[in-house]
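Understanding the architecture of this molecule
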Amino acid sequence: MLENTGTLAAYRIPVTAGSRTVEVPLLTPGQRVGVVLDRPVVGPVIWLAPEALGGFTPVTATAVPGGVRYRSANCRALTSRGGAVLVRDAAGRLAGGEQLPPPGVSCAPGERDLPGALPPGGEVFPYCALGAE
């Protein structure tokens, strides 16, 4: 789990574990996001003032019967970079997870439901980028 505890937005965050690398497109101040890597190491981050994001708000996801509901208050579609599903056990400890491919995550404005079964205790973290980057 990555968390931005600062006052600036973290942009294009490379996270590596062994030979695997995942890039989290953006973390606003106070935002948390899941990453499915064993012993992840965060690489160099570009820091931006939140005002430079042009009103961007993080896309959220919740489990619904038969799938996942993605919600975006942004006025334009963002670019999906995939995402992560983290699974917690009954005690709340991380027990596993999987990376989601870009087509499996919606970064469109408004609400969109995508089909797919989440394991019990699964949390979805969409990776939505500001542009085609």
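Everything discussed here concerns the structure shown above.
As a starting point, this report considers the structure included with it.

Cut-offs applied
Residues numbered from 1 in each chain as written. Predicted model: local features only at pLDDT ≥ 70, side-chain atom pairs only at ≥ 80, totals over all residues. Heavy atoms only, no water. Helix = DSSP H or I, 4+ residues; strand = E, 2+ residues; numbered from the N terminus. Buried < 20%, exposed > 50% of the residue type's maximum accessible area, 1.4 Å probe, protein only. Polar contact = N/O pair within 3.5 Å; in protein donor to acceptor, adjacent residues only side chain to side chain. Contact = heavy atoms within 4.5 Å. Pairing = 2+ DSSP bridges. Axes fitted to C-alpha atoms, helices over the stretch in contact; angles between N-to-C directions. Salt bridge = Lys/Arg side-chain N within 4 Å of Asp/Glu carboxyl O.

**A short note on the side chain of Asn4**
Topologically, Asn4 is positioned in the loop between strand E1 (2–3) and strand E2 (9–17). Using a relative accessible area of 4% as the deciding quantity, one classes Asn4 as buried. A distance of 2.9 Å separates the side chain of Asn4 from the backbone oxygen of Leu27, its partner in a polar contact. Leaving out residues up to four positions away in the same chain, Asn4 has contacts with Ala9, Ala10, Leu27, Thr28, Pro29, Gly30, Gln31 and Trp47.

**Digging into the sheet that holds strand E11 (residues 110–115)**
In any sheet, the strands associate via hydrogen bonds between backbone groups, in a parallel or an antiparallel arrangement. Strand order in the open sheet formed by 3 strands is E7-E8-E11, with antiparallel pairing between adjacent strands. With partners counted over all chains shown, the strands left at the sheet margins are strand E7 (60–64) and E11, one partner each. On average, each strand axis in the sheet is inclined to that of its neighbour by 25 degrees, with strand direction left out of account. Pairing between strand E8 (residues 67–72) and E11: 6 bridges, direction antiparallel. Each bridged residue has a counterpart across the sheet, and for Arg69 the counterpart in E11 is Asp113.

**Here we look at the pattern of salt bridges**
Across all of its chains, the model carries 6 salt bridges by this definition. Glu123 serves as the salt-bridge partner of Arg88, at 2.5 Å between the closest nitrogen and oxygen. Remark: Glu123 occurs in strand E12 (residues 122–129) and Arg88 occurs in strand E9 (residues 79–88); sequence separation between them is 35 residues. On the basis of relative accessibility, which here comes to 27%, the residue Glu123 falls in the partly exposed class. Through salt bridges that share partners, Arg69, Arg71, Glu111 and Asp113 make up one connected network.

**Examining the sheet that holds strand E10 (residues 94–100)**
One open sheet accounts for 3 strands, arranged E10-E9-E12; its pairing is antiparallel. With partners counted over all chains shown, the strands left at the sheet margins are E10 and E12, one partner each. Here the strands of the sheet are splayed against their neighbours by 20 degrees on average, with no regard to which way each runs. Looking at chain direction, E9 and E12 are connected through 7 bridges and run antiparallel. When the bridges of E12 are listed, Gly83 appears paired with Pro126.

**Focus on the environment of Glu23**
Positionally, Glu23 belongs in strand E3 (residues 20–27). Spatially, the C-alpha atoms of Glu23 and Arg81 are 8.2 Å apart, while their sequence positions differ by 58 residues. Not counting residues up to four positions away in its chain, the partners in contact with Glu23 are Arg12, Ile13, Pro14 and Tyr127.

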